[in-house]
Amino acid sequence: MPSSTTEVSVAVPLLPSLRRTINSTSQVAIVGSNLCPIESLDYEIEENDFFKQDWRARSKVQIFQYVFMKWLLCFFIGIIVSLIGFTNNLAVENLAGVKFVITSNMMLAGRFSMGFLVFSLTNLVLTLFASAVTSFVAPAAAGSGIPEVKAYLNGVDAPEIFSLRTLFVKIIGNISGVSASLLIGKAGPMVHTGACVASILSQGGSKRYGLTWRWLRFFNNDRDRRDLVTCGSAAGIAASFRAPVGGVLFALEEMSSWWRSALLWRIFFSTAVVAIVLRALIDVCLSGKCGLFGKGGLIMFDVYSENASYHLGDVLPVLLLGVVGGILGSFYNFLLDKVLRAYNYIYKKGVAWKILLACTISIFTSCLLFGLPFLAQCQPCPAGASEECPTVGRSGNFKKYQCPPGHYNDLASLIFNTNDDAIKNLFSKNTDFEFHYLSVLVFFFTCFFLSIFSYGIVAPAGLFVPVIVTGASYGRCVGMLLGSNTNLNHGLFAVLGAASFLGGSMRMTVSLCVILLELTNNLLLLPMMMLVLLISKTVADAFNSNIYNLIMKIKGFPYLYNHAEPYMRQLTVSDVVTGPLQVLSGIEKIETIVHILKTTNHNGFPVVDGPPFTAAPVLYGLILRAHILTLLKKRVFLSSPVACDSDTLAQFTANEFAKKGSGRGDKIEDVELSEEELNMYLDVHPFSNASPYTVVETMSLAKALFLFREVGLRHLLVIPKISNRPPVVGILTRHDFMPEHILGLHPSLSRSKWKRLRIRLPFLS
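Residues numbered from 1 in each chain as written. Predicted model: local features only at pLDDT ≥ 70, side-chain atom pairs only at ≥ 80, totals over all residues. Heavy atoms only, no water.

- Naming follows an unreviewed UniProt entry, where the protein chain appears as Chloride channel protein of Arabis alpina.
- What UniProt states about the protein chain under its Sequence similarities (unreviewed entry) heading is, verbatim, "Belongs to the chloride channel (TC 2.A.49) family."
- Quoted verbatim from the Subcellular location (unreviewed entry) heading of the UniProt record, the comment on the protein chain is "Membrane". (UniProt positions renumbered as here; feature names shortened; annotations may be inferred.)

Structure below.
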């Protein structure tokens with residue numbers, strides 16, 4: 001039966017190749033708060049003659065040392081990240097604690113205006129410091145850092161994301177921002193902090209600041225550093241929630257694009273070290289030696305230790321909780337996406353606007369947090385309360401605020417507090433009658449919108465804790481609505497509400513389930529937790545993507561997902577290969593090499609041997625720009641076009657070809673050559689990867705994408721189907737797989753058309 005002219009035929013090639021078109025997709029992205037150039041990482045080992053000789057020359061002792069150093073660095077990562085996590089909590093609890101104690105004392109004395117002035121000015125100064133130090137010292141430290149780390153582990157490199165000053169600003173900026181009562185968290189910044197620690201250790205320290213350790217420089221390639229950064233990100237989550245297994249699963253489910261069993265062992269070792277160190281430090285603080293720390297804090301445990309009892313009839317409310325949580329989570333992502341895009345427009349106007357926006361959010365937040373509790377009615381203290389009522393000090397379920405003796409303000413117990421203490425109050429057992437429904441509802445809407453507007457400011461800010469506290473208040477609301485119609489108490493509903501909102505926003509299941517179980521220390525919650533996470537994620541997936549993928553898209557990171565768009569199965573690699581292609585001869589004139597390096601930004605060049613060395617042009621391999629620059633700086637030139645001898649390799653060490661730090665590298669402008677040297681030759685054979693990955697030009701784009709992503713490539717050579725053509729058709733890079741580039745080359749491939757085609761042809765999915 002003849003097909004309609006509006007339908008797409010799967011038997012006819014779609015469009016002629018536009019091979020000579022330049023790839024105009026963006027190669028810059030928003031890193032932190034600044035627009036920066038980005039490039040791809042190369043997780044493939046360059047198997048050239050020099051590498052093979054260097055590897056064969058290693059003794060058994062050196063190989064053992066190489067393996068031992070991996071485990072030693074994992075140990076160091078665990079120790080350092082746990083110390084940073086503990087220091088963060090110690091600083092926040094004491095800074096915020098002193099602020100709340102002083103403000104509360106003024107309110108007890110009836111000096112409400114002075115209390116508001118102290119509260120708001122303290123928050124403003126802390127926010128101003130956090131935004132200023134981030135804007136001027138390390139813009140890459142802005143935000144949570146999880147999108148940047150996730151993009152790095154996918155193969156995207158950017159300048160300064162793991163530098164020493166980014167690490168420093170990430171720590172002090174996040175302490176200041178959280179202490180300023182902004183609705184931001186510490187978990188995301190801790191993931192970035194752990195990644196920074198791992199990256200700096202893998203490079204042997206920071207060369208810029210003279211803090212280098214030669215004995216640590218064992219890892220000279222992107223693959224080893226990627227594994228250590230994965231360990232660091234897992235250690236960050238473990239330090240945030242004292243959840244070692246949750247940290248491992250978070251790295252596996254959300255962060256890493258490649259996974260190996262050997263990596264699993266090392267990550268588990270790092271997170272175990274974190275858990276042990278934190279346990280020891282917390283024991284010290286529980287004895288009262290850490291100031292105000294120990295009465296609250298992000299390192300929470302035993303917050304819901306009551307035995308949970310539920311029956312089959314309680315499944316329906318949990319299903320409802322998951323469905324609504326998925327809808328709310330996707331709506332949260334939608335609003336955050338719009339707000340971040342608006343903030344990016346404002347940030348284009350300059351640094352002053354970035355700081356002004358942060359200060360405006362701080363003032364608005366202070367007004368809400370201080371003013372809203374006055375709208376709540378004072379509640380009489382319950383008889384037989386487990387703690388003093390009203391609460392005296394900075395934490396507790398019974399804040400006095402403006403209430404008379406013997407009464408407490410339930411909304412103040414939630415809103416005029418740190419996020420960590422608010423979560424503890426919501427999760428607490430036997431508190432079904434301590435919070436009024438309207439107070440919890442006001443708290444939910446306040447957290448929902450304040451967390452959206454606070455996240456995008458130029459300061460280190462996380463999303464995990466704001467989403468948990470928002471979800472917990474939502475769960476409490478549902479529990480109060482159901483009342484006696486369910487066997488589940490309100491504290492349990494708060495835990496499940498946090499799980500549903502996390503699942504709806506972040507779209508993780510296994511890792512979130514384990515993190516919350518480790519957080520609440522109650523395995524009896526497991527069946528309900530699994531159910532609510534699966535439902536909320538399924539519902540939310542029908543509307544949009546997870547929050548970190550949306551942020552990566554806003555920032556412009558060319559992230560490669562583990563699935564292909566339907567239209568990629570109908571396109572071949574020759575349909576997206578762009579030019580012009582720059583090729584080097586095996587023995588090339590220096591002048592030609594310098595010209596190519598100055599006139600292109602390519603980071604890899606095919607090496608082709610031709611007459612008189614071979615009868616016909618033959619692909620020899622691929623050489624990286626960084627390796628060419630190393631050869632030019634070393635000046636291993638030849639006076640005539642002949643192959644170099646073995647003595648040439650002896651002039652180099654492996655460290656000279658080692659990958660520079662993240663975002664740093666040599667430039668051709670830094671290499672000064674004389675006229676005589678420009679007329680000499682360079683033999684690139686020993687330094688070229690003689691076995692690069694290649695695909696034939698008729699391979700489907702989807703199949704090439706899977707190969708490119710799974711192997712972790714930076715360059716994928718396209719070779720011709722017919723032997724009488726040039727040996728290389730083109731090179732596929734990360735940007736060639738981006739939908740923007742593909743649809744730019746083939747604008748007739750609308751997404752709606754391919755959605756209809758996927759319905760007709762299910763095998764394309």
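1. Regarding the overall build of the protein chain
- A count of helices and strands for the protein chain gives 26 helices and 16 strands.
- For the protein chain, the residues scored as buried account for 57% of the 765 residues in total.
- Only carbon and sulfur atoms are counted for the fraction: they give 63% of the accessible area of the protein chain, which is about 31200 Å². (Helix = DSSP H or I, 4+ residues; strand = E, 2+ residues; numbered from the N terminus. Buried < 20%, exposed > 50% of the residue type's maximum accessible area, 1.4 Å probe, protein only. Areas by Shrake-Rupley, 256 points an atom, 1.4 Å probe, with all protein chains shown as cover.)

2. Remarks on a nonpolar patch on the surface
- A cluster of nonpolar side chains, Leu320, Val323, Val324, Ile327 and Phe543, forms an exposed patch at the surface whose accessible area comes to about 420 Å².
- Take Leu320: it is sitting in helix α10 (residues 315–347).
- Note on Leu320: relative accessible area 46%, which makes it partly exposed. (Patch = residues over 30% accessible without salt bridge, like charges linked within 9 Å, V, L, I, M, F, W, Y side chains within 5 Å. Salt bridge = Lys/Arg side-chain N within 4 Å of Asp/Glu carboxyl O.)

3. Let's talk about the packing of helix α14 (residues 437–455) against helix α15 (residues 464–482)
- For the pair α14 and α15, the least separation of the axes is 9 Å and the interaxial angle reads 155°. Comparing their axes, α15 and α14 come out roughly antiparallel. Considering the relative orientation of α14 and α15, their crossing is left-handed. Across the interface between the two elements, Tyr437, Val440, Leu441, Phe443, Phe444, Cys447, Phe448 and Ser451 of α14 pack against Pro466, Val469, Thr470, Ser473, Tyr474, Arg476, Cys477, Met480 and Leu481 of α15.
- Taken together, the residues of the contact of α14 with α15 break down into 13 nonpolar, three polar and one charged. (Axes fitted to C-alpha atoms, helices over the stretch in contact; angles between N-to-C directions. Parallel < 35°, antiparallel > 145°, perpendicular 65-115°, else oblique. Left-handed = near helix turned anticlockwise from the far one by under 90°. Contact = heavy atoms within 4.5 Å. Nonpolar A, V, L, I, M, F, W, Y, C, P; charged D, E, K, R; others polar.)

4. Some thoughts on the environment of Asn409
- Mapped onto the secondary structure, Asn409 falls in the loop between β8 (407–408) and α12 (410–415).
- You can call Asn409 buried: its relative accessible area is 0%.
- As a C-alpha pair, Asn409 and Cys378 span 31 residues in sequence and 5.0 Å in three-dimensional space.
- The residues touching Asn409, leaving out its near neighbours within four places in the chain, are Pro373, Ala376, Lys399, Lys400, Tyr401, Gln402 and Cys403.
- Within the structure, the side chain of Asn409 is placed 2.7 Å from the backbone oxygen of Pro373, a separation counted as a polar contact. (Polar contact = N/O pair within 3.5 Å; in protein donor to acceptor, adjacent residues only side chain to side chain.)

5. What about the confidence of the model for the protein chain?
- For the protein chain, the average pLDDT comes to 84, and 87% of its residues sit at 70 or higher.
- Predicted confidence for residues 1–25 stays below pLDDT 50, and this span has 45 contacts to residues more than four positions away or in other chains.
- Note that residues 295–305 has pLDDT below 50 and, in this model, 51 contacts with residues that lie over four places away or in other chains. (pLDDT = per-residue confidence, 0-100.)

6. What to know about helix α17 (residues 510–520)
- Of all 11 residues in α17, nine are buried, a share of seventy percent or more.
- By the burial criterion, the buried members of α17 are Ser511, Leu512, Cys513, Val514, Ile515, Leu516, Leu517, Leu519 and Thr520.
- Structurally, α17 contributes buried residues whose contacts are with α7 (222–241), α8 (244–255), α13 (419–427), α15, α16 (490–506) and α18 (526–541).
- Phi for Asn521, located one or two positions after α17, is positive at around 60°.

7. Digging into empty space enclosed by the protein
- Counted by the stated rule, this structure contains four cavities of 30 Å³ or more.
- The volume enclosed by the largest cavity comes to roughly 210 Å³.
- Residue lining of the largest cavity: 16 residues in total, with Gly32, Leu340, Asn344, Gly456 and Lys555 positioned closest to the centre.
- Residue assignment for the lining of the largest cavity shows that the elements contributing at least two residues are α10 and α19 (547–555).
- In terms of residue count, α10 provides more of the lining of the largest cavity than any other element does, four residues in total.
- In terms of residue class, the lining of the largest cavity is built from 10 nonpolar, five polar and one charged.
- When its volume is computed, the second largest cavity comes out at roughly 170 Å³.
- Leu182, Leu183, Asn417, Thr418 and Asn419 are the residues nearest the centre of the second largest cavity, which is lined by 21 residues in total.
- Within the residue set of the lining of the second largest cavity, elements represented by two or more residues are α2 (60–108), α12, α13 and α14.
- Looking at the lining of the second largest cavity residue by residue, the class counts come to 13 nonpolar, five polar and three charged. (1 Å grid on protein atoms, 1.4 Å probe; cavity = no way out; pocket = protein on both sides within 12 Å on 5 of 7 lines; lining within 4 Å. Points joined across faces, edges and corners; volume = space filled by probe spheres on them.)

8. Section: the sheet that holds strand β12 (residues 618–624)
- Within the open sheet, the three strands sit side by side as β9-β11-β12. Their pairing is mixed. Of all the strands in the sheet, the pair left with one neighbour each is β9 (584–585) and β12.
- Looking at chain direction, β9 and strand β11 (residues 604–609) are connected through two bridges and run parallel. From the neighbouring strand, Ser585 faces β11, where its bridge partner is Val608. (Pairing = 2+ DSSP bridges.)

9. Description of the sheet that holds strand β16 (residues 730–732)
- Taken in spatial order, the three strands of this open sheet run β14-β15-β16, and their pairing is mixed. Each edge of the sheet is formed by a strand with only one pairing partner; in this case those strands are β14 (694–696) and β16. Neighbour-to-neighbour, the strand axes of this sheet turn through a mean angle of 35°, independent of strand direction.
- Sheet analysis places β14 next to strand β15 (residues 716–719), joined by three bridges and oriented parallel. Each residue of the ladder has a partner; that of Val696, found in β15, is Ile719.

10. As for the nonpolar core
- If you look at the biggest cluster of nonpolar residues, it comprises 152 residues, and the most contacted ones within it are Phe464 and Met529.
- With 12 residues, the top contributor of residues to this core is α2.
- Viewed by domain, this core spans two of them, domain 2 (75–293) and domain 3 (317–555), each represented by three or more residues. (Core = buried A, V, L, I, M, F, W, Y, C linked by side-chain atoms within 4.5 Å. Domains from an automatic or database assignment.)

11. Observations concerning the packing of α16 against α17
- Packing of α16 against α17 leaves a shortest axis separation of 11 Å and a crossing angle of 155°. Comparing their axes, α17 and α16 come out roughly antiparallel. The handedness of the crossing between α16 and α17 is right-handed. Residues Val495, Ala499, Leu502 and Gly503 of α16 form the contact with α17, whose participating residues are Leu512, Leu516 and Thr520.

12. Regarding the pairing of strand β1 (residues 28–31)
- Summarising the sheet, β1 and strand β2 (residues 34–37) pair through four bridges and their orientation is antiparallel. Among the inter-strand pairings, Val28 is bridged to a residue of β2, identified as Pro37.
- Counting the residues between successive antiparallel strands, the hairpin from β1 to β2 contains two residues, one of them, Gly32, with a positive phi of roughly 70°.

13. Description of unusual backbone geometry
- Residues other than glycine seldom take positive phi values, yet Ser181 does so here, at roughly 65°.
- You can see Ser181 is positioned in the loop between α5 (164–179) and α6 (187–202).
- Overall, the relative accessible area of 12% leaves Ser181 in the buried class.
- Phi is positive for Tyr401, close to 55°, though the residue is something other than glycine.
- In this structure, Tyr401 sits in the loop between β7 (379–380) and β8.
- Using a relative accessible area of 6% as the deciding quantity, one classes Tyr401 as buried.

14. Focus: the pattern of salt bridges
- In the structure shown here, the tally under the stated rule is 16 salt bridges.
- With a closest N to O distance of 3.1 Å, Glu148 and Lys555 form a salt bridge. With a gap of 407 residues between them, Glu148 in helix α4 (residues 146–154) and Lys555 in helix α19 connect regions that are remote in the sequence. Lys555 matches Glu148 in its accessibility class, with the two residues each being buried.

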